[in-house]
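Residue-level structure breakdown
The lines below spell out each chain.
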Amino acid sequence: MKKNEDTTLDFIRTRIESDIKSNKNNGRVHTRFPPEPNGYLHIGHAKSICLNFGLAQEYNGKCNLRFDDTNPSKEEVEYVESIKKDVRWLGFDWEDREYYASDYFEKLYEYATQLIKKGKAFVCDLTADQIKRYRGTLTEPGKESPYKNRSVKENLELFRKMRKGEYEDGSRVLRAKIDMSSPNLNMRDPVIYRIVHESHHRTGDKWCIYPMYDFAHGLCDSIEGITHSLCTLEFEDHRPLYDWFLEQLNVFHSQQIEFARLNLSYTVLSKRKLLELVEEGYVKGWDDPRMPTISGLRRRGYTPESIRDFCDRIGLAKRESVVDIDLLEHCLREHLNKKAKRVMAVLDPLEVIIDNFPEGKEEHLDAENNPEDPGMGKRKIPFSRSLYIEKEDFREDPPRKYFRLAPDREVRLKHAYYIKCNQVIKDKGTGKIKRLHCTYDPETKGGWSKDGRKVKGTLHWVSARHAIKAEIRLYDRLFQTKNPLDVKKGEDFKKNLNPESLKIIPSCMLEPSVSNARPGDRFQFLRKGYFCVDPDSKKGHLVFNQTVPLRDTWAKILKKQKTYE
RNA sequence: UGGGGUGUAGCCAAGCGGUAAGGCAGCGGCCUUUGGAGCCGCCAUUCGGAGGUUCGAAUCCUCCCGCCCCAGCCA
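Residue positions are given per chain, counting from 1 as you read along its sequence in written order. Lettering for chains starts from A, numbering for ligands starts from 1, and both go in the order in which the items are written. Local features in a predicted model are, by the rule used here, given only for residues with pLDDT of at least 70; side-chain atom pairs are given and counted only at 80 or more, and totals for whole chains, interfaces and linings are based on all residues. Just so you know, side-chain values use all the structure's heavy atoms and leave hydrogens and water out.

**Things to note about the protein's contact with RNA strand B**
Going by this rule: One heavy atom suffices: a residue is near a molecule or strand as soon as one of its heavy atoms comes within 4 Å of it. Polar contacts, as counted here, are pairs of nitrogen or oxygen atoms within 3.5 Å of one another; within protein the pair requires one atom able to donate a hydrogen and one able to accept it, and residues that are adjacent in sequence qualify only if both atoms are side-chain atoms. Here a helix means four or more residues in a row that DSSP labels H or I, a strand means two or more in a row labelled E, and each is numbered from the N terminus. Note that Gly is not counted as nonpolar here; it falls among the polar residues with everything else outside the nonpolar set of Ala, Val, Leu, Ile, Met, Phe, Trp, Tyr, Cys and Pro and the charged set of Asp, Glu, Lys and Arg.
Neighbouring RNA strand B are 70 residues, the closest being Thr8, Leu185, Ile314, Gly446 and Thr553. Sugar plus phosphate, as a fraction of atoms of RNA strand B within 4 Å of the protein: 66%. Measuring from a sugar or linking oxygen of RNA strand B, one finds a side-chain N or O atom of Thr8 at 2.2 Å. A distance of 3.2 Å separates a base oxygen of RNA strand B from a polar backbone atom of His415. Those elements that provide at least two residues to the surface near RNA strand B are helix H5 (128-134), strand E6 (191-195), helix H12 (325-339) and helix H13 (553-564). In terms of residue class, the surface near RNA strand B is made up of 26 nonpolar, 19 polar and 25 charged.

**So, the domain arrangement of chain A**
The line we're drawing: Each domain's extent is set by a domain assignment, obtained either automatically or from a database. Between two residues, a contact is recorded if the distance between any of their heavy atoms is within 4.5 Å. Note: buried area is the sum, over both parts, of the accessible area (probe 1.4 Å) each one loses when the two are combined.
Taken domain by domain, chain A consists of domain 1 (11-259), domain 2 (271-341 + 470-561) and domain 3 (345-460). Of note, the centres of domain 2 and domain 3, computed from C-alpha atoms alone, are 29 Å apart. Counting from both sides, the interface comprises 22 residues of domain 2 and, opposite them, 25 residues of domain 3. Of the roughly 2000 Å² buried where domain 2 meets domain 3, counting both sides, 59% is carbon and sulfur surface.

**Digging into the confidence of the model for chain A**
Going by this rule: Residue-level confidence of the predictor is summarised by pLDDT, bounded by 0 at the bottom and 100 at the top.
On average, residues of chain A score 96 in pLDDT, and 98% of them are at 70 or above. Confidence drops under a pLDDT of 50 for residues 1-5, and excluding neighbours within four residues, the segment shows 12 contacts in the predicted structure. With a pTM of 0.96, the predicted complex shows an ipTM of 0.97.

**Here we look at the nonpolar core**
Which entries qualify depends on this criterion: As used in this record, nonpolar core signifies buried Ala, Val, Leu, Ile, Met, Phe, Trp, Tyr and Cys residues forming a set joined through side-chain atoms within 4.5 Å. Throughout this description, buried means an accessible area under 20% of the type-specific maximum (1.4 Å probe, protein chains only), exposed means over 50%, and partly exposed covers the range between.
In terms of nonpolar packing, the biggest core is built from 38 residues, with Ile43, Ile49, Phe53, Val87, Leu264, Ile307 and Phe310 touching the most fellow members. Two domains each put at least three residues into this core: domain 1 (11-259) and domain 2 (271-341 + 470-561). When neighbours within four sequence positions are excluded, Phe310 is seen to be in contact with Ile43, Leu262, Leu264, Val323, Leu327, Leu328 and Cys331. If you look at the next biggest cluster of nonpolar residues, it comprises 34 residues, including Tyr193, Ile195, Phe215 and Ala216.

**Some words on the environment of Leu126**
Along the chain, the position of Leu126 falls in the loop between strand E4 (121-124) and H5. Ignoring sequence-local partners within four residues, the contact set of Leu126 consists of Ile131, Tyr134, Ser145, Pro146, Tyr147 and Arg175.

**Some remarks on the environment of Ser306**
Mapped onto the fold, Ser306 is located in helix H11 (residues 304-313). Along the primary structure Ser306 and Asn263 are separated by 43 residues, whereas in three dimensions their C-alpha atoms are 17 Å apart. Residue contacts for Ser306: discarding those within four places in its chain leaves Cys331, Leu332 and His335. Among the polar contacts listed, one links the side chain of Ser306 to the backbone oxygen of Thr303, at a separation of 2.7 Å.

**Description of the environment of Cys438**
Mapped onto the elements of the fold, Cys438 is located in strand E18 (residues 433-441). The spatial distance from the C-alpha of Cys438 to the C-alpha of Asp355 is 6.0 Å, given a sequence separation of 83 residues. When near neighbours in sequence (up to four residues on either side) are disregarded, Cys438 contacts Val352, Ile353, Ile354, Asp355, Asn356, Leu405, Ile419, Lys420, Cys421 and Asn422.

**A word on the sheet that holds strand E5 (residues 173-176)**
In plain terms, the rule: By this definition, two strands are paired if DSSP reports at least two bridges between them. Lines fitted to C-alpha atoms define the axes, with helix axes restricted to the stretch in contact, and inter-axis angles between N-to-C directions lie between 0 and 180 degrees.
Overall, antiparallel pairing links the 4 strands, which are arranged E4-E5-E6-E7 in an open sheet. Each having just a single partner strand, E4 and strand E7 (209-211) make up the two edges of the open sheet. Direction aside, neighbouring strands of the sheet carry axes that sit 20° apart on average. Of the strand pairs in this sheet, E4 and E5 are connected by 4 bridges, and their pairing is antiparallel. Paired with Phe122 across the bridge in E5 is Arg175. The strands that helix H6 (residues 152-164) touches are E4, E5, E6 and E7; relative to E4, the one it contacts most, it runs at about 60°.

**Considerations on unusual backbone geometry**
You will see that Asp189, though not glycine, has its phi angle at about 45°, which is positive. You can see Asp189 is positioned in the loop between E5 and E6. Exposure remark for Asp189: the relative accessible area of 1% places this residue in the buried category.

**Overview of the state of the cysteines**
Just so we agree on the cut-off: Count a disulfide wherever a pair of cysteine sulfur atoms falls within 2.5 Å.
As enumerated under the stated definition, the model contains 0 disulfides in all. No disulfide involves Cys63; its sulfur sits 11 Å from the nearest other cysteine sulfur, which is in Cys50. We note that Cys508 lacks a disulfide partner, and the nearest cysteine sulfur, in Cys532, lies 14 Å from it. Of the residues examined, Cys508 reaches a relative accessible area of 0% and is grouped as buried.

**Topic: the sheet that holds strand E19 (residues 458-459)**
The strand order across the open sheet formed by 7 strands is E19-E16-E17-E18-E12-E15-E20, and the pairing between neighbours is mixed. At either margin of the open sheet sits one strand with a lone partner, and together these are E19 and strand E20 (461-463). When strand E15 (residues 386-390) meets E20, the two strands line up antiparallel, connected through 3 bridges. Paired with Ile389 across the bridge in E20 is Trp461.

**Topic: helix H9 (residues 271-279)**
Within H9, burial applies to Lys271, Lys273, Leu274, Glu276, Leu277 and Val278. On the buried face of H9, the contacting elements are helix H2 (43-58). Directly after H9, the chain includes Gly281, whose backbone phi takes a positive value near 75°.

**Considerations on H2**
Put simply, the rule is: Expected helix span is taken as 1.5 Å per residue step, with the number of steps being one fewer than the number of residues.
The terminal C-alpha atoms of H2, which comprises 16 residues, lie 22 Å apart, in line with the 22 Å expected from a rise of 1.5 Å per residue. With respect to burial, H2 is a largely interior element, 14 of its 16 residues being buried. Residue Asn60 follows H2 closely and has a positive phi angle near 60°.

Here's what the structure looks like:
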């Protein structure tokens, strides 16, 4: 849904406005985007980033970037760097507010100590497996740990020794004393600190005990003075626990509000599964242009504007939903249509000889760079006797409604002339079409005819002699099923991978004006789609990624004809 | 047969007791030197279901049904 004056506010904005009105937190709005640096950001995170940073902008507040780095065994600096790059690229600025849960480890330890002193936490010697069994089930209450009644003094001592490194991983944990019979399993004396002898990407070997997310998250929000702590639905059950900590410790109370995470058709948005695709080589890396990661989308040629627009349009609610990937592509095309420079490229060349155009002669024709924006100017494109057109733009025996080139038929070459096909040269052996002989009408320069004669088709083309070659990578959706996770029992989501998601065309013919394009540059290849220069490009060897094809009405007509014939 | 959420079109999503916004997709048409773009029109007699309250219900009440999440020393 698009935001504008006429539409009403979503439930989060409604709530924030009412908080402002009642002067809660003195009308302050302070949010945060809290990624764990254990993977690359994806389009689902973009929803959260746009929400949190967007809210701060709209309500004149602030938004922190905070890394929730409480699990040293999964987190790496590579991920924090990529996350910072992606958030920036999306167009958001956290200024000097780059925080880490690990910045607060000392404070968190102090909070845990306070809990112990209040008799609200204890050191438990049960094994992980025992704790699990003591927890009970969804329908049965749990049992209290035999260690729950240790004295404050003993707990303090034990916890201190845990920190000092006197115990092995897994031998003891610190637990909150809440209620083993709570119907909310999160309240059944949850673990809040565990022993992990592992070096942390920021704190190194300073710590060998680490707070659990459930303990750290709400308290970090509190420390930072976060007024509205937005997270996804699955944390709704954890809110009572966070609130319990805040209450026991009597500290600033952030308000957590949960919303539904983004799901996208034909794609998988789970860090674990994306990691799997990367590690097992199904894609070439986190930034493979087929990946729904921010870095993948960037490399594919998506613009930050289009992603932000998408995030504005998908809406915000509490019901689980799957947004149609068509909406994402729509936002992309809408933006690229206005911004991308038009250029001609022939992906699958067929030679055309203009018999009545003198050998050796060349002309330089005017071409607009973007019909949507005259301000983008014009360029010259060379025309000569030998050209390439797209193979699919010629049919010896044209089907109904085909208005491209065919024997004795006249079409327009975009920005150039009308041409008429006179002769088809075939390979004697294979019978395949090798070359076309055409004549052009010199009176139609620029693509107009003074006699008012109309031509139905307009083709893109390049001059053979002037063309530059480039590699083009065409992408299709990574998964062939709408919901890639929908598999039979025992089957893996990877069986839904599309084996044809990448097609490489090693040598396409492009008009010479693109010869000094740089990685990241975006173009519309006329009548084909939007493309951008891949960083794999070398001097003299350009590589383009197809960002998204143009809408193809002709393909639709063909499909319909097929189904009715 | 515990607890927490949630059901409005193919997909999102407004709506908050006065007679179903909008976007995407789809379908028709117009226009077009990109079969692109643009423009115009169509697309829920009905809101998970059944009862009830009311002059009036997607909105309130009751019961029922579906779907999602929770039994990590992950986040």
